[in-house]
Structures are given as C-alpha cells and as structure tokens.
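Close look at the chain arrangement
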Amino acid sequence: MLRQTLSTPSRAIGSSLRLAAQRPVARPQFYRAPLAATRSVAPIALQRARWYSSEAEPSKDADVKDASKAEESAKSETDSVESTLRKQLEAKDVEARDWKDKFLRSVADFRNLQERTARDMKAARDFAIQKFAKDLVDSVDNFDRALAMVPEDKLKAEEQTEQLRDLVNLYEGLRMTESILLETLKKHGLERFDPHGEKFNPNEHEATFMTPMADKDENTVIHTQQKGFRLNGRILRPAKVGVVKNK
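Residues numbered from 1 in each chain as written. Predicted model: local features only at pLDDT ≥ 70, side-chain atom pairs only at ≥ 80, totals over all residues. Heavy atoms only, no water.

If you look the protein chain up in an unreviewed UniProt entry, it shows as GrpE protein homolog from Lasiosphaeria miniovina. Regarding the protein chain, the UniProt comment filed under Sequence similarities (unreviewed entry) reads as follows: "Belongs to the GrpE family." (UniProt positions renumbered as here; feature names shortened; annotations may be inferred.)

Pasting the structure below:
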C-alpha cells in the first residue's frame, strides 16, 4: 500500500519531466544583448544624439531671426505710424497758423474799417454844412463891406450931428450883428481869418497882386482884399491878398 502511494507521485513527476523535455524552451521577453553588441550600438546612439543636437541649433537661429524680423517689422510699422502722425501734426500746425493769420488779418481789417468809418462819420459831421457855409460866407462878407464903407473920421468926429449919431448907431449895430454871427459860426467850426502882416502861405492865401516894398520882408502880406474862412481846420475859402515881391 505504501509502495503504491509513493509510486503514484513519482510517475506523475516523471511524466511532467518528459513533457517539459519535449517542449521547446521559451525565450525571455527581454533579451540582454551581449557586451560587444552594446559597445557597437553606443557610438550610433551618440551619433544620433549629436545629429539631433546639431539640428536643434538651426531652429534656435531661425527663432532668433524670426524674432528679429518681427521686431524690425514692428519697428517699421511704428516708424510709419509715427511719421504719419508727424505729417498730420505738421499739417495741422500749418492749418492753425493759416487760420491764425486769417484771424489776425480779419481783426486788422475790422479795426481799419472801424477807424475809417469813424473818420468818415466825423468828416460827414464836420463838413456836412460845407455847401451851406460857402453860401453863407458871402453874406458875412457883405457885413464886412458895409462896415468898411463908413469913414473913420465921421465915427471919431467930436461934433456929431443927428445924422452922424444915426450913422454911428447903425455902424455899431452892424458890427455887433457881425460879431454875434461870427461867434455862432465859430461854434459850428466856421472861422474867419485875416492874414495881414503874415508870411504868404499858398495853401491858405491867394495872391492877387505883388508889389516891391523896401521896408517890408519878402513874401509878406501887405493887403487883404478878401478875408478867408476855415471849416473845422480845413480851408473853405483862401484869403485874397497882396504880397511883397522885392526881387
């Protein structure tokens, strides 16, 4: 019984050994290469590593070139924008100067217009009565002629008759009327002047005759034939005079 029990496992072990000998031996999944093969593969791996490292360097240079190109393009764009803005600013400056010049010219023209208008208005006020004054001076001249017709000896006579007293009263009345009329005309800018004894002025005097006089200076007014008139400083009528001419 004991022999039978021991023989059964030994048979099983023997059969399993026979089956194992008949089957081919399975190779391991990971094969360990021999040392010689490892030494031969190592330089190739290094060459490949060197090749990959040498290929990486041009890519860095390309990136640098691309970055520099991008920077140059951005700089050129910035420069173009800056130049465009500078041109626009210069154009605006020119336009502003142009408008300022136009404004200053307009202000100057307006001020000149104001001054010219003021002068014209003043001249219109001052010389509005010029035509009327020219017609009026003849009447003033008649007063002067009437007074000049009265002899001085009759005015200064010691014994005065009734007729002489009437003549003196008439003379005084005419002289007072002439004086009041001249004062009234002077208020409106019309003045009478007598250049007797003055130097001849062709702008104010009109020489009707010339005569030599040894005791008088050259171009001296010795006689007033007709008195002159000024209207607000402007000669309305020149005085008609006689002038000394020794040469």
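This paragraph deals with the side chain of Gln-226. Topologically, Gln-226 is positioned in strand β3 (residues 221-226). Apart from residues no more than four positions distant in its own chain, Gln-226 is found in contact with Asp-141, Arg-145, Arg-237, Ala-239 and Lys-240. (Helix = DSSP H or I, 4+ residues; strand = E, 2+ residues; numbered from the N terminus. Contact = heavy atoms within 4.5 Å.)

Taken as a whole and assessed by the stated rule, the structure comprises 0 aromatic pairs. In this structure, Lys-102 is placed above the aromatic ring of Trp-99, and the distance from its NZ or CZ to the ring centre is 4.9 Å. Its guanidinium or amino end placed over the ring of Phe-193, Arg-230 lies 4.2 Å from that ring's centre, counting from NZ or CZ. (Phe/Tyr/Trp six-rings, centres within 6.5 Å; stacked < 30°, edge-to-face > 60°. Lys NZ or Arg CZ within 6 Å of the ring centre and 35° of its normal.)

Spanning 26 residues, helix α5 (residues 162-187) covers 38 Å between terminal C-alpha atoms, matching the ideal 38 Å at 1.5 Å per step. Taken together, the buried positions of α5 are occupied by Leu-164, Val-168, Tyr-171, Glu-178 and Leu-185. (Expected span 1.5 Å × (residues − 1). Buried < 20%, exposed > 50% of the residue type's maximum accessible area, 1.4 Å probe, protein only.)

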